Amino acid sequence: MSFRGPRLTLPLAIAFVFAAPDALAQPGPADLDTVLVTATRTPVALDDSLVPAQIITRADIEHAQATSLTELLRGRAGIDIGNQGGPGKISSVFIRGSEADHVLVLVDGVRMGSATAGTTAFQDLPVEQIERIEVVRGPRSSLYGSEAIGGVIQIFTRRDSGAVTPRFRVATGSNGLREGSAGVGGGVGRGWFGADLAYQRTDGIDACRGTSGNADAPFGAGCFTDEPDRDGYRNRSANLRGGVRMTDAWTLEATALRAESENEFDGSLFGGNEAENVQQAVGATLRHAGAGRVDLTLRAGRSDDKSDNFFADAAAGTRDYVSTFDTRRDTASAQADIRLAAAHLLTLGVDWQDDAVESTTAFDVGNRDNTAAFVEYQGGTGRQRWQASVRNDDNEQFGNHTTGSVGWGFALAGGTRLRASYGTGFKAPSFNDLYYPFFSNPDLRPEESRSLNVGIGGGGTGWQWGVDAYQTRIDDLISYDAALFLPNNIEQARIRGIEATLRTTLAGWDVATQLSHADPRNRTPGANHDNLLARRARTTGRIDVDRRFGSWRLGTTVNGAGSRYDNAANTDRLGGHATADIRIEYALAPAWTLQARASNVFDRAYETVSWYNQPGREYLVSVRYAPAP
């Protein structure tokens, strides 16, 4: 592996000087399954969250036998996925019908994403490096600023405690899939450490059906070429982390994740058909949590999104360099959590962010910073809970932008809870939107949103349920203006939806059901008025059923999505689809597990982006060694 050590080590060393609130604000490993950090930037019980959220644990990840992050997220409440051709290809994650760039992604509290594209490369974030995922649905701009209109996804990498313990996994599957991972970690005295390596390679499928010379392909659709070959993918990743409790009150920790990928796709001489990408997140946290009324958290982090693009001509045996897009995001923050009284918490914080672009494409502006201050109150008395937050972002390009949120919850009899929340959000235009030569508009304004959520839920021993209904209005939505051939703030959108979740046990089987219906409408006067927003299915769902029989564990996952349109005019319709996976596990010994999975067992053919294929029936076999610490 080539992880370019100096590029990783320098940011890590710098990060130790500063700190990070959210990554260390998470609770100890024993409490992780029930405590949520992302919704409030402080630990709260998942059942007490005033905004809809869910947690995906390491056990969930291993039982699902997912080979990618997008596969793991697919069909979960409020989430829809668009993928351009299988493993490693560009994947868009939509939360509650909003845009793909309306989702804020954090890795161990470090803000991710490409400053040029405005989205995060979910397809390159390796599942084997993930300990848990928190998904918060609805706006959180009042705590995080730009991008958090649809929601926030925070990924926590591996965590270790107890005795120093090794682990590894090997797997093989259809389409030439090979996977391997190994790691070690644990606690030593006042400190803890961990290190993991992971590798994934697949020959892939033919990503695009081919649109070159195809009379049925409208202008701008598909891949502009016809390359009927396999489009492979390779990912190599490393994760390092460590921490030390310096005193009873002061704790310091640092994490570093780096993923390098090589991706083949169907493309042209001008855009390339191969890419070498890097996703990297490095951060450090210094936290004071003593017996007093005030906890302090400091953070610094850096994320990188790098892409070198090439055009490979198999017939000529050549591979020519095409372009480079490298973006860097530096962040720092300070947060104070003040306990005013029992069940009353006041949080004060400041965030700083600097985005920079280096590219072979000439951008008129290649750097901007953002400074923000926020305040949050959480409290409760009797059966009621409240939350309120407000934040002001001072953006170098767009000036001041203020967002806020309020939430209320009420506990009814029998464990049933009511909740309601309202929040505003905004999204600053990306560098591509503003400055990409000939296809940009430097006069764009930030997108703004207003969202309302009302929910009810509850549960007891062995069961849990919830229903949430919401409405989001987005103003100044950035979209392609056909009259000007440029992006413009021409659209308004209204999204209404409902989500229902149920987790229970029936006749010994663990059943988890997640159903979502969204109605994302274009409310802009004109030809597309009342059309559905492109590439989002109105209805999605997922059912997971599992049961253990002694040393055996059986399971199945059924994923479904309704029809969607691939264009704003709603003339290119993609049909709905449903797929079924079957899983089996056998505990060879306390630390050894044999797993097998058949995915898309009925070999359904479908597309989530027009002209781009999805894998058919596939098989996977793996062996995992993971002793208890």
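Note that this is a predicted model, so its numbers are computed, not measured.

S.K.: Requested: an account of the overall build of the protein, with residues and values cited.
M.R.: Assigned secondary structure in the protein consists of six helices and 33 strands. Computed over its C-alpha atoms, the radius of gyration of the protein comes to 23 Å, within 12% of the 25 Å expected for a compact globule of 629 residues. Dimensions of the protein, computed from C-alpha atoms along their principal axes, come out at roughly 70 × 60 × 50 Å. A buried classification covers 56% of the 629 residues belonging to the protein. The long-range fraction of contacts in the protein, counting pairs at least 24 apart against all pairs at least 6 apart in sequence, stands at 62%. Accessible surface computed for the protein: about 25200 Å², of which carbon and sulfur atoms make up 58%.

S.K.: So what's going on with the nonpolar core? Residues and values would help.
M.R.: Looking at soluble globular proteins, one finds that nonpolar side chains tend to be buried together. Core analysis: the largest hydrophobic core is formed by 26 residues, its most contacted members being Leu69, Leu72, Leu73, Phe122, Ile133, Ile153 and Ile155. Among the elements of the structure, helix H3 (58-64), helix H4 (69-73), strand S4 (79-83), strand S5 (91-95), strand S6 (103-107), strand S8 (130-137) and strand S9 (151-157) are those that each provide at least two residues to this core. Among residues more than four places away in sequence, those in contact with leucine 72 are Ile56, Ile61, Ala64, Ala66, Ile133 and Arg542. Listed in part, the nine residues of the second largest apolar core include Ala115, Val357, Phe431 and Tyr435.

S.K.: How would you explain the packing of aromatic side chains if you had to name every residue and give the values?
M.R.: Tallied over the entire structure, the rule returns 10 aromatic pairs. Where tryptophan 408 meets phenylalanine 410, the ring centres are 6.1 Å apart and the plane angle is 20 degrees; that geometry is what we call stacked. A relative accessible area of 31% places tryptophan 408 in the partly exposed class. Through a chain of ring-to-ring contacts, the aromatic side chains of Phe168, Trp592 and Tyr625 assemble into a single cluster.

S.K.: Residue-level account of the pattern of salt bridges, with values.
M.R.: Here the structure, examined in full by the defined rule, presents 53 salt bridges. Close ionic contact of glutamate 147 with arginine 111 constitutes a salt bridge, the shortest N to O distance being 4.0 Å. With glutamate 147 in the loop between helix H5 (141-144) and S9 and arginine 111 in strand S7 (residues 110-111), this pair connects stretches of sequence that are 36 residues apart. The same class applies to glutamate 147 and to arginine 111, which are both buried. For aspartate 546, the salt bridge is made with arginine 583, and the minimal N-O distance between the two is 2.7 Å. Placement of the pair is aspartate 546 in strand S27 (residues 539-549) and arginine 583 in strand S31 (residues 577-589), with a sequence separation of 37 residues.

S.K.: Tell me about the sheet that holds strand S3 (residues 53-56), and please be specific about residues and values.
M.R.: Across the sheet, five strands lie side by side as S3-S8-S9-S6-S7; this open sheet has mixed pairing. Across the chains shown, the open sheet's two edge strands, defined by having one partner strand only, are S3 and S7. Strand direction decides the pairing type here: S3 and S8, joined by four bridges, are antiparallel. Counterpart to glutamine 54 in the pairing with S8 is valine 135.

S.K.: Would you mind going over the pairing of strand S18 (residues 344-359) in detail, with residue names and values included?
M.R.: Note: strand S17 (residues 318-341) against S18, 16 bridges, orientation antiparallel. Bridge pairing links arginine 339 to leucine 345 in S18. Taking the residues that link successive antiparallel strands as the turn, the S17-S18 hairpin has two residues, and the phi of alanine 343 there is positive, at about 70 degrees. Bridge count for S18 against strand S19 (residues 367-381) is 13 bridges, and the pairing is antiparallel. Within S19, the residue paired with glycine 349 across the bridge is phenylalanine 374.

S.K.: Can you lay out a nonpolar patch on the surface for me, pointing to particular residues and giving the numbers?
M.R.: Together, Phe168, Val170, Leu588, Trp592, Leu594 and Val621 make up an exposed nonpolar region whose accessible area comes to about 490 Å². Broken down by secondary-structure element, the contributors of at least two residues to the nonpolar patch are strand S10 (165-173) and strand S32 (592-599). Examined against the element boundaries, phenylalanine 168 turns out to sit in strand S10.

S.K.: Account for the confidence of the model for the protein, with residues named and values stated.
M.R.: The pLDDT averaged across the protein works out to 92; a share of 94% of its residues lies at or above 70. Predicted confidence for residues 1-31 stays below pLDDT 50, and this span has 91 contacts to residues more than four positions away or in other chains.

S.K.: Any chance you could break down unusual backbone geometry for me, citing the residues and the numbers?
M.R.: The backbone of asparagine 175 sits at a positive phi, close to 55 degrees, despite the residue not being glycine. For asparagine 175, the position within the fold is in the loop between S10 and strand S11 (177-188). Asparagine 175 gets classed as partly exposed once you look at its relative accessible area, which sits at 22%. With a phi close to 50 degrees, alanine 507 is a non-glycine residue in the positive phi region.

Rules used in this analysis
- Residues numbered from 1 in each chain as written.
- Predicted model: local features only at pLDDT ≥ 70, side-chain atom pairs only at ≥ 80, totals over all residues.
- Heavy atoms only, no water.
- Helix = DSSP H or I, 4+ residues; strand = E, 2+ residues; numbered from the N terminus.
- Rg over C-alpha atoms; globule rule 2.2 N^0.38 Å.
- Buried < 20%, exposed > 50% of the residue type's maximum accessible area, 1.4 Å probe, protein only.
- Contact = heavy atoms within 4.5 Å.
- Areas by Shrake-Rupley, 256 points an atom, 1.4 Å probe, with all protein chains shown as cover.
- Core = buried A, V, L, I, M, F, W, Y, C linked by side-chain atoms within 4.5 Å.
- Phe/Tyr/Trp six-rings, centres within 6.5 Å; stacked < 30°, edge-to-face > 60°.
- Salt bridge = Lys/Arg side-chain N within 4 Å of Asp/Glu carboxyl O.
- Pairing = 2+ DSSP bridges.
- Patch = residues over 30% accessible without salt bridge, like charges linked within 9 Å, V, L, I, M, F, W, Y side chains within 5 Å.
- pLDDT = per-residue confidence, 0-100.

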